[in-house]
Amino acid sequence: MTGLGAVFRPQLPPERLRDIVRLADESGLEELWLWEDCFREGGISTAAAALAWSERVRVGVGLLPVPLRNVAITAMEVASLHRMFPGRAVVGVGHGVQDWMGQVGARVESPVTLLREYLGALRALLRGERVSVEGRYVRLDDVALDWPPAEAVPVFAGATGPRSLRLAGEAADGTVLTAGTPADGVRRARRLVDEGRESAGRADAHRIVVYLLTATGVDAAARLQTELADEGLADVPDLGVAGDAGAVAKAVQRLAEAGADTVILQPTGDEPDPEGFVRFVAEEVRPLVS
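In this report, the structure presented in the accompanying data block is examined. Source: prediction; values computed, not measured. (Residues numbered from 1 in each chain as written. Predicted model: local features only at pLDDT ≥ 70, side-chain atom pairs only at ≥ 80, totals over all residues. Heavy atoms only, no water.)

Remarks on the overall build of the chain
So, point 1. A count of helices and strands for the chain gives 10 helices and 11 strands.
So, point 2. The C-alpha radius of gyration of the chain comes to 18 Å, within 12% of the 19 Å expected for a compact globule of 290 residues.
So, point 3. Judged by the C-alpha coordinates and their principal axes, the chain covers about 55 × 40 × 40 Å.
So, point 4. The long-range share in the chain, meaning contacts at least 24 apart out of those at least 6 apart in sequence, stands at 75%.
So, point 5. Accessible surface, the chain: about 12900 Å² in total, of which carbon and sulfur atoms supply 49%.
So, point 6. Once the 31 positive and 42 negative side-chain charges of the chain are each reduced to a mean point, those two points are 4 Å apart. (Helix = DSSP H or I, 4+ residues; strand = E, 2+ residues; numbered from the N terminus. Rg over C-alpha atoms; globule rule 2.2 N^0.38 Å. Contact = heavy atoms within 4.5 Å. Areas by Shrake-Rupley, 256 points an atom, 1.4 Å probe, with all protein chains shown as cover. Lys, Arg positive; Asp, Glu negative; His and termini not counted. Charge placed at Lys NZ, Arg CZ, Asp CG, Glu CD.)

Things to note about the environment of Phe 277
So, point 1. Locating Phe 277 in the fold gives a position in helix H10 (residues 274-285).
So, point 2. For Phe 277, a relative accessible area of 2% puts it in the buried group.
So, point 3. Apart from residues lying up to four places away in sequence, Phe 277 is in contact with Ala 6, Thr 214, Leu 265, Gln 266, Pro 267 and Glu 271. (Buried < 20%, exposed > 50% of the residue type's maximum accessible area, 1.4 Å probe, protein only.)

Considerations on the packing of aromatic side chains
So, point 1. By the definition in use, this model includes three aromatic pairs.
So, point 2. Each ring, one from Trp 33 and one from Tyr 211, has its centre 6.2 Å from the other, and the planes form 90°; the classification is edge-to-face. One end of the pair, Trp 33, is in strand E2 (residues 31-34); the other, Tyr 211, is in strand E9 (residues 207-215), and 178 residues separate them in sequence. You'll find Trp 33 and Tyr 211 in the same group, each marked buried.
So, point 3. Taking the centre distance of 6.4 Å and the plane angle of 45° together, the rings of Phe 277 and Phe 280 count as tilted. Placement of the pair is Phe 277 and Phe 280 together in helix H10, with a separation of three residues, close to one helical turn.
So, point 4. Overall, Phe 280 belongs to the buried group, its relative accessible area being 6%. (Phe/Tyr/Trp six-rings, centres within 6.5 Å; stacked < 30°, edge-to-face > 60°.)

Some thoughts on the side chain of His 206
So, point 1. Here His 206 is to be found in the loop between helix H7 (183-199) and E9.
So, point 2. Residue His 206 is classed as buried on the basis of its relative accessible area of 6%.
So, point 3. A distance of 2.7 Å separates a polar atom in the side chain of His 206 from a polar atom in the side chain of Thr 175.
So, point 4. If near-sequence neighbours (up to four positions away) are discounted, His 206 is found in contact with Ala 168, Gly 169, Ala 172, Asp 173, Gly 174, Thr 175, Arg 190, Val 193, Arg 197 and Asp 261. (Polar contact = N/O pair within 3.5 Å; in protein donor to acceptor, adjacent residues only side chain to side chain.)

Observations concerning helix H6 (residues 162-171)
So, point 1. Among the residues making up H6, those that are buried are Ser 164, Leu 165, Leu 167, Ala 168, Gly 169 and Ala 171.
So, point 2. Along its buried surface, H6 packs onto helix H5 (111-126), strand E7 (155-158), strand E8 (174-177) and H7.

Points about the layout of surface pockets
So, point 1. As a volume, the largest pocket reaches approximately 1000 Å³.
So, point 2. At five residues, the largest contribution of residues to the lining of the largest pocket is made by helix H8 (residues 220-230).
So, point 3. For the lining of the largest pocket, the residue count by class is 17 nonpolar, 14 polar and nine charged. (1 Å grid on protein atoms, 1.4 Å probe; cavity = no way out; pocket = protein on both sides within 12 Å on 5 of 7 lines; lining within 4 Å. Points joined across faces, edges and corners; volume = space filled by probe spheres on them. Nonpolar A, V, L, I, M, F, W, Y, C, P; charged D, E, K, R; others polar.)

Things to note about the packing of H5 against H6
So, point 1. Their axes nearest at 11 Å, the elements H5 and H6 cross at an angle of 15°. If you check the angle between H5 and H6, you find them roughly parallel. Where H5 crosses over H6, the handedness of that crossing is right-handed. Contacts between H5 and H6 involve Val 112, Leu 115, Arg 116, Leu 119 and Arg 123 on the former and, on the latter, Arg 163, Ser 164, Leu 167, Glu 170 and Ala 171.
So, point 2. Among the residues making up the contact of H5 with H6, the classes are represented as five nonpolar, one polar and four charged. (Axes fitted to C-alpha atoms, helices over the stretch in contact; angles between N-to-C directions. Parallel < 35°, antiparallel > 145°, perpendicular 65-115°, else oblique. Left-handed = near helix turned anticlockwise from the far one by under 90°.)

In structure tokens:
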């Protein structure tokens, strides 16, 4: 069955999160995803709060920008989440928006090299290994977690370009695709991820998560088109969906048929009823998605 979830967008103030998390938990929503967009809300702090306020919903973070975070700190935080809330945290890492990385003095010359080194070190630390590495960007000297996760923790990578997608297949356990990815883009991503997996000799499962920009209710079509235009995506065919639960479910199915394992519905930034959107996903769309 195709996984389904929704995004709590960081355009909402953090004090709104508690009510939405509780609604997500009570309504049966499978996954609630959070973003660490500069300079809004911290991904780990909001994820920890969301997990503490809920009992069953899985909480995703997509993504933590690796130039901002020492890999040992990320490993400590991810391990803590998984020990406190086993199996309920899903954490992805990625390049970060390069302009934002430049604003804080963290932009690197080779984002792909950094992500490669980071994924290798992070996954090793989360496996409980003692790590020493002297890379171009990642340097660890005899580092091991005192409290590694009790079970294997999948690490996701955000990717868009061909090199990053192949790297995700080679060095990550799953891939997160942006809402700028139509069905044909998902097929292309799956193909490139599989090339990376083959080059690394990997035969384990690799989950692809894709965001789907979604608008429903009053002025849905207009809100969708405005956001696509603001993001420079207005000319991309078959991107996003506006309409009722049936229309949204069909859009989810198209992405699933293209290779997505999980589709996370992303409301527009001006969604007038965030709580209603969560209820719509859990109670109206979910029953229509196989």
